[in-house]
Amino acid sequence: MTKFPENFLWGGATAANQLEGAFDRDGKGLSVADAMPGGKQRLAILGSDTFDWTIDEAAYTYPNHRGIDHYDRFKEDIALFAEMGFKSYRFSIAWTRIFPQGDETTPNEAGLAFYDALIDECLKYDIEPVITISHYEMPLHLAKAYGGWKNRALIAFYERFAKVVLERFHSKVKYWMTFNEINSAFHFSALSQGMVNSTGADNFTNVVQAWHNQFVASSKAVKIGHELNPDIQIGCMIIYATTYSIDANPINQTATLIHNQAFNYYCADVQVRGKYPAFTDRLYKEYGVDRKNLDITEEDLALIAQYTVDYVGFSYYMSSAVDVTTEEVDEVQGNLLGGVRNPFLEASEWGWQIDPEGLRIALNELYDRYQKPLFIVENGLGAIDTFNEDGVIEDDYRIDYLRRHIEAMGEAIEDGVDLIGYTPWGCIDLVSASTGEMSKRYGFIYVDFDDEGNGTMDRSKKKSFDWYKEVIATNGEKLD
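Structure report, in brief.

Here is what the cut-offs are and how they apply
Residues numbered from 1 in each chain as written. Predicted model: local features only at pLDDT ≥ 70, side-chain atom pairs only at ≥ 80, totals over all residues. Heavy atoms only, no water. Salt bridge = Lys/Arg side-chain N within 4 Å of Asp/Glu carboxyl O. Helix = DSSP H or I, 4+ residues; strand = E, 2+ residues; numbered from the N terminus. Buried < 20%, exposed > 50% of the residue type's maximum accessible area, 1.4 Å probe, protein only.

**Here we look at the pattern of salt bridges**
Move 1: One pass over the structure, following the stated rule, counts 37 salt bridges.
Move 2: Glu 83 is paired through a salt bridge with Lys 461; the nearest N and O atoms lie 2.5 Å apart. Taken together, the residues Glu 83 in helix α4 (residues 70-84) and Lys 461 in strand β16 (residues 459-461) connect sequence positions 378 residues apart.
Move 3: Its salt-bridge partner being Asp 395, residue Arg 398 comes within 2.8 Å of it at the nearest N-O pair.
Move 4: Residue classification places Arg 398 among the buried positions, given a relative accessible area of 1%.
Move 5: Since its relative accessible area comes to 0%, Asp 395 is described here as buried.
Move 6: Here the residues in one salt-bridge network are Asp 385, Asp 395, Arg 398, Asp 429, Arg 441 and Lys 462, joined through shared partners.

**Digging into unusual backbone geometry**
Move 1: Positive phi values are uncommon outside glycine, yet Ala 22 reaches one of about 50°.
Move 2: Here Ala 22 shows up in the loop between α1 (16-19) and α2 (42-46).
Move 3: On the accessibility criterion, Ala 22 (13% relative accessible area) is buried.
Move 4: Within the chain, Glu 181 stands out as a residue other than glycine whose phi angle is a positive 40°.
Move 5: Looking at where Glu 181 falls in the secondary structure, it is placed in the loop between β4 (175-179) and α9 (190-193).
Move 6: Residue classification places Glu 181 among the buried residues on the basis of a relative accessible area of 2%.

Scope: geometric values only; no functional claims are made or implied.
Structure, rendered in structure tokens:
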């Protein structure tokens, strides 16, 4: 059995806009998440040519606006995390709790006070906070009035936000990440860049400019954090989907290489290595990016080169396959991306292909490429959970999924990978980012709340709760 490091950061992960609720309280402004419709067609609506961030006030009844009442019940939730033995808890700070519109100069003290209390509650139980500065919830005003991250004005607004939270919490919080799944904009820029087709997301030049502005903003956050405390660890965060060629055809092998460069590595290369990768010009040519219309300065590039991230955080749920030689391919769903069905893999209820061995490959690929510590900050199985006759949720399917992925982590550590932590996604049931629903559940803790917004919000332990508690207590030695 692989020995995990003694200080390994076992824990769980959430995001403010998916669990806090209280979207309009204590001075909080509206975020892009508050303008997103609920239901399975959410991504299709956001990806249409007509959506323009107009708010449907009836949507305020959807679960995605109410979260799971974590804003009022965080002490109860943190106590449950502590009972499981969490060493760390990854969560995000809602930008609009600190700067309601995003472009103010004075922060909202009520928002800062809430996160002070949340962080202190974690520290009371010796749980290390791991904070994502921006996680799919940029201020709606910045999306509507400025057009999202394609506008360089957002660099200064983010820098001010990062400076306020880093100055406030740097003595309490060691681990930070600048943007959640920054490369998700490759397929869908609404969540991470605040851009929809009606505001330019259908032009990849805008997406690339938005990424560049985020790279600059990320480096500014690293600079601020390291100047406040050299021991602070600030990471990037990407979606990583191990990608295979569907066969040994060199054409598919080349297509897989290009896919990996574009999706898995482009954003991380800039933030970790401090420079744009060698394949950048080819990527821009493939996607019709007009270099003349990009605003990239020498000062930007110098900043990016000097202030790189300390570790690589990433989400891993599934792998993908590439087939460009077959006329009609069998496609599957995934974490904001699709792919070709791999006949060797089973899939979840939502069509996400389950591939623990792919996690070992991902860890080796990332560590070989970057030689910086890795942190798995999202991983998990979304499923429909039901109570049995004894009133227990026997989620053996979730236990099996997590066990096999933890075993793969152990193999990667034996391979020589420097892995510092593991925070499975949605450690307590929360609202889906892709659909705004509650029915796709990930947690060790069940929350009584449904897709129509009905329920008591009461918390119940699933079978996986005690299983994960034992995993943490034995530092990954007992997985059965």
